[in-house]
Amino acid sequence: MDSFFPINIYDKFLKQGSKLLGFEENNIRVVVGLDFGTTYSGFAYCHVSDEGNICSNDVWSGNVGQLKTNTVLQYDDEYNNVKLWGAPALVKRQSRSRTRKQKNSGNDKPVELFKLHLGDLLDEFKPKLPVDYKKAITDYLREIGKVIKEIIDTRWLKIDYFENVLLIITVPAEFSEKAKAIMRICAFDAGLIKEKYSTNLRFTTEPEAAAIYCMKNLERQNLAQPGTNFMIVDCGGGTVDLTTRKLVSHNQLGEITERSGDFCGSTFVDAEFIKYLRKKLGDEPMDLLRDNNYGQMQYLVQQFCENGKILFTGDDPDFLYELDIRETVPTLEQYVIDDAIRKTLDNDEWIIEIDFKTMESIFNPVVQKILQLIKTQLDNAHETCSAMFLVGGFSESKYLQKKVKQKFSSQVNFISVPTQPTAAISRGAAIYGLSIRLNDLNNIGNDDNMRCIISSRVLKYTYGVKFEPKWKVGDPIHRKVHGDRIEKFDCLATRGTKMDINQEIKRSHVPIHSEQKTMFFKLYYTEEYAGTYCDDPGMKLLGNFTIDLPGSGIDRIVLLGITFGKMEIIATAKNKQTGQSYKTTFKFNFDD
C-alpha cells in the first residue's frame, strides 16, 4: 500500500511581507491535546486567550469524573458501524443461566488494543481483530472527535473547528514515521482535520508531552534551574516510553539522549495473568474461551485488574486474590475437560488463589523490562539526572513505584508520580500546542525558536537519500548501473544527533536532462549510525520525493532542504539562484 502525502506542508504558508501565514493565517483560538492510548484515551483543551486554564475532559457518555475512557469499540453484526465505544463497549458480567443458554453473540464482542498494530511488534503480540486496524483507529477517533467538537461548540459558540482549532495528538516514542503518517490519514478519515496535510494537526511523543506537564513539578522541588536534567517514564497500557530532558532558558526543554520505549505496559501484565491461567487450566480451555467468548475473557481480565493488579503493592506478604471461576467467567468451567484439573478445581470450589509470590511472578517479567529501560536511559544520558517522574495509568501501580524507587533512588534524588498522572500527557500536549502556535506565529523562516517549549530533539534514526555518483575503481563491480554509475546512500542526518526543531539540512542537486520536468529522491532510514548502500541490512525505504521543475536547462540548481527536528519530516525545494519555491510531494512506502 502507498499513499501520496505532501511532506512539505508549509509550502502554502510562506512568509508574505510582514504577515506570516501559519495555521490558516494563525486563526487558532483553541488548542486540544488528544492522548490516544492503547487501553485508555482522553483529551485536554484550552482557549489561547486563557492559557492558564487548561481543562481535562471528565464527562464520557453521561458519566462524570473520569479523566479517560476505554479505547474499546463495539460494532454491529457486520462490523460496519460502531454501536458503542469507550466504557459502555466493555462486556459486563455474564450470568450463569445465560451461559447455559447461549454464547456471546458476535455483536457484543469488543474490539480493543488496535493501536498495537501501529508498533513494531511481533504478530503474536498484536490482537486478532475482526476489522482492519486502521478502520478501528479511524472509527475510534471519529467517536472521540464528536465529544471534542461538542465541547468546543458548547464552550465557544463562534469557534469554527476546522479553522480555529489546533489538534495535538500524542504518539509513543517508538512510533515510526510511517506510523505517524497512518495516524494522520486516520485522523483525516475520522473528520478531525479538513485536509490530510493540514497544519492544524501536529504530533508530539507521549513522554515529551509528559515532560512539558512535569516542568511545574521541578519548580515545586526547587529544581527549575537551567541545566537541570530529568527523566520521564510514561507507563501506559501498551508501551512504556522514556525521554530525558534538559531544562534550558526561557522555560524550554532540550532532549539530551534518544527517547526510548518498549511494549511493556500494563496490558502485558494482563497477558502474564492469562499465561498463569493457562498453566493452571491448560491451553485448550483458554483458547476456547478466547475464540468463542472473547468478551468474557475481557471481563475476566477486567476483574483481575480491579481486584488483583491495582491492589497489589508488594508490601503485604499475606496478599491474596481469589479468582472465583464460576462467579467471574462461568463459561470457562465447561471448557475444562481434563479430569485431574477438574478434580482439583472441584475440591477448591473452582476458586484459584493467587498469593503474594504468584502475583510477583505475574508482574516481574514486565517490571524487569521497565527497570532495564530506565537503566539504559540513565546510562546513555552520561549526565546527572536530578529527577524522575512516572506518568501514565500504569504509573499508579504501587508495586511498580516501589520497584523503581528501590532500584534507582541512589542515582536519582527525586522520584515522583505527579498529580493526575493519567492526564499528564493530554495536558502536556495542550501546553505544547500553545507554545508551537506562538512559535509558528513569530518564527516561521526564523532561526529563533525561543518561543517554542521544545527547543531540540535527538534523532532515533539515520536518514539519507539514494544518489548515483560515478562508479570508480574500488567500488563493487556488481553494483555498477546505467553504464558508469553506482547507487549509494547519501546520509543527511545521523541517529543520535541533537537537532534544533527548525534546523534544516540542505543539499544541492541539478537535473540530468535540460527538459527534465520532475526530480525524484528516495528517502531511506535505518537504526544504524551509518550506511553505504540503500540495501544494507536494516535499511528501509521511507518513501519518495517528487519535485516539480518548471523551466528548462541543466543549470537549474535545486536546493533541497529537510527538517528532521520536528515530529514530522518537512521538506522544501527551491531554485538556488532565484529562490523560486518548487512544489514537493512525498509518497510514503507502507509495504515494509
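The name that an unreviewed UniProt entry assigns to the protein is Actin-like ATPase domain-containing protein, with the source organism given as Rhizophagus irregularis.

Enquirer: Got a minute to help me understand helix α3 (residues 133-155) in this structure?
Expert: Structurally, the α-helix is built with 3.6 residues per turn, so residues lying three or four positions apart point the same way. The end-to-end C-alpha distance of α3 is 33 Å, a good match for the 33 Å that 23 residues give at a rise of 1.5 Å each. The residue sitting at the N-terminus of α3 and contributing the capping side-chain oxygen is Asp 132; that oxygen lies 2.9 Å from the backbone nitrogen of Lys 134.

Enquirer: Sorry if this is basic, but what is going on with the nonpolar core here?
Expert: A general feature of soluble globular proteins is that nonpolar side chains tend to end up buried together. Grouped together as the largest cluster of nonpolar side chains are 74 residues, with contacts concentrated most on Phe 43 and Leu 141. The leading source of residues in this core is α3, at 10 residues. For this core, the domains that each give at least three residues are domain 1 (30-207 + 427-442) and domain 3 (460-585). Those residues in contact with Phe 43, other than ones at most four positions away along the chain, are Val 32, Gly 33, Leu 34, Cys 55, Ser 56, Asn 57, Trp 60, Ile 144, Val 147, Ile 148, Ile 151 and Ser 426. In terms of nonpolar packing, the next biggest core, distinct from the first, is built from 58 residues, Phe 304, Leu 323, Ile 374 and Phe 394 among them.

Enquirer: Is there a simple way to think about the pairing of strand β24 (residues 462-467) in this case?
Expert: Sheet faces and side chains relate simply in a regular strand, where the side chains alternate between the two faces. The pairing of β24 with strand β30 (residues 518-526) spans 4 bridges and is antiparallel. The residue of β30 that forms the bridge with Val 465 is Leu 523. Bridge analysis of β24 against strand β27 (residues 488-493) gives 5 bridges, and the strand direction is antiparallel. The residue of β27 that forms the bridge with Lys 466 is Phe 489.

Enquirer: Explanation requested: helix α8 (residues 283-292) in the structure shown.
Expert: The set of residues buried in α8 consists of Pro 285, Met 286 and Leu 289. Summarising the axial view, the buried residues of α8 lie within an arc of 95°, below the 170-degree limit, and thus occupy one face.

Enquirer: What's the story with the sheet that holds strand β11 (residues 82-85) in this structure? I'm lost.
Expert: The strands that make up a sheet pair up through hydrogen bonds in the backbone, lying either parallel or antiparallel. In spatial order, the strands read β11-β10-β12; together these 3 strands make up an open sheet with antiparallel pairing. In this open sheet, the two strands that pair with only one neighbour each are β11 and β12 (111-112). Here 2 bridges tie strand β10 (residues 72-75) to β12, and the two strands are oriented antiparallel to one another. Within β12, the position partnered with Val 72 by the bridge is Glu 112. With respect to the sheet, α3 is in contact with β10, β11 and β12, its orientation differing from that of β10 by roughly 105°.

Enquirer: I keep staring at the sheet that holds strand β33 (residues 570-575) and nothing clicks. Help me out?
Expert: Reading across the sheet, the 4 strands line up as β29-β32-β33-β34 and stay open at both edges, with antiparallel pairing between neighbours. Strands at the two margins of the open sheet, each flanked by one partner only, are β29 (504-509) and β34 (581-582). Strand direction decides the pairing type here: β29 and strand β32 (residues 558-563), joined by 6 bridges, are antiparallel. When the bridges of β32 are listed, His 509 appears paired with Val 558.

Enquirer: How should I be thinking about the layout of surface pockets in this particular structure?
Expert: If a probe as big as a water molecule is rolled over the atoms, it shows which places are left empty. There is about 940 Å³ of room inside the second largest pocket. Taken together, 35 residues form the lining of the second largest pocket, with Asp 120, Glu 174, Ser 176, Tyr 461 and Lys 540 sitting closest to its centre. Of the residues forming the lining of the second largest pocket, the biggest block, 4 residues, is contributed by helix α13 (residues 356-381). Looking at the lining of the second largest pocket, its residues break down into 13 nonpolar, 10 polar and 12 charged. Counting residues domain by domain, the lining of the second largest pocket receives three or more from each of domain 1 (30-207 + 427-442) and domain 3 (460-585).

Enquirer: Teacher, can you tell me more about unusual backbone geometry here?
Expert: For residues other than glycine, phi is negative in most cases, and the peptide bonds are mostly trans. With a phi close to 55°, Glu 349 is a non-glycine residue in the positive phi region. Following the sequence through the fold, Glu 349 ends up in the loop between α12 (339-347) and β20 (351-355). Classification of Glu 349 by relative accessible area gives exposed; the value is 57%. Even without being glycine, His 382 reaches a positive phi, approximately 60°. Residue position: His 382 is located in the loop between α13 and β21 (387-391).

Enquirer: How should the packing of α8 against helix α9 (residues 294-309) be read in this particular structure?
Expert: Angle between the axes and distance between the axes are the two parameters that describe a pair of packed helices. Packing of α8 against α9 brings their axes to within 5 Å, and their N-to-C directions diverge by 115°. Between α8 and α9, the crossing angle belongs to the class labelled roughly perpendicular. Judged by residue contacts, Met 286, Leu 289, Arg 290 and Asn 292 of α8 engage Tyr 294, Gln 296, Met 297 and Leu 300 from α9. Looking at the contact of α8 with α9 residue by residue, the class counts come to 5 nonpolar, 2 polar and 1 charged.

Enquirer: What's the story with a negative patch on the surface in this structure? I'm lost.
Expert: A surface patch of negative charge is lined by Glu 322, Asp 348, Glu 349, Glu 353 and Asp 355. For Glu 353, the position within the fold is in strand β20. Judged by its relative accessible area of 48%, Glu 353 falls in the partly exposed class.

Enquirer: Where do I start with the pattern of salt bridges in this structure?
Expert: Applying the stated criterion across every chain yields a total of 32 salt bridges. For Asp 283, the salt bridge identified is with Arg 278, shortest N-O distance 3.3 Å. On the accessibility criterion, Asp 283 (47% relative accessible area) is partly exposed. What you see here is one network of salt bridges that share partners, running through Glu 208, Arg 245, Glu 255, Arg 259 and Arg 457.

Cut-offs applied
Residues numbered from 1 in each chain as written. Predicted model: local features only at pLDDT ≥ 70, side-chain atom pairs only at ≥ 80, totals over all residues. Heavy atoms only, no water. Helix = DSSP H or I, 4+ residues; strand = E, 2+ residues; numbered from the N terminus. Expected span 1.5 Å × (residues − 1). Polar contact = N/O pair within 3.5 Å; in protein donor to acceptor, adjacent residues only side chain to side chain. Core = buried A, V, L, I, M, F, W, Y, C linked by side-chain atoms within 4.5 Å. Buried < 20%, exposed > 50% of the residue type's maximum accessible area, 1.4 Å probe, protein only. Domains from an automatic or database assignment. Contact = heavy atoms within 4.5 Å. Pairing = 2+ DSSP bridges. Arc of directions from axis to C-beta. Axes fitted to C-alpha atoms, helices over the stretch in contact; angles between N-to-C directions. 1 Å grid on protein atoms, 1.4 Å probe; cavity = no way out; pocket = protein on both sides within 12 Å on 5 of 7 lines; lining within 4 Å. Points joined across faces, edges and corners; volume = space filled by probe spheres on them. Nonpolar A, V, L, I, M, F, W, Y, C, P; charged D, E, K, R; others polar. Parallel < 35°, antiparallel > 145°, perpendicular 65-115°, else oblique. Patch = residues over 30% accessible without salt bridge, like charges linked within 9 Å, V, L, I, M, F, W, Y side chains within 5 Å. Areas by Shrake-Rupley, 256 points an atom, 1.4 Å probe, with all protein chains shown as cover. Salt bridge = Lys/Arg side-chain N within 4 Å of Asp/Glu carboxyl O. Lys, Arg positive; Asp, Glu negative; His and termini not counted. Charge placed at Lys NZ, Arg CZ, Asp CG, Glu CD.

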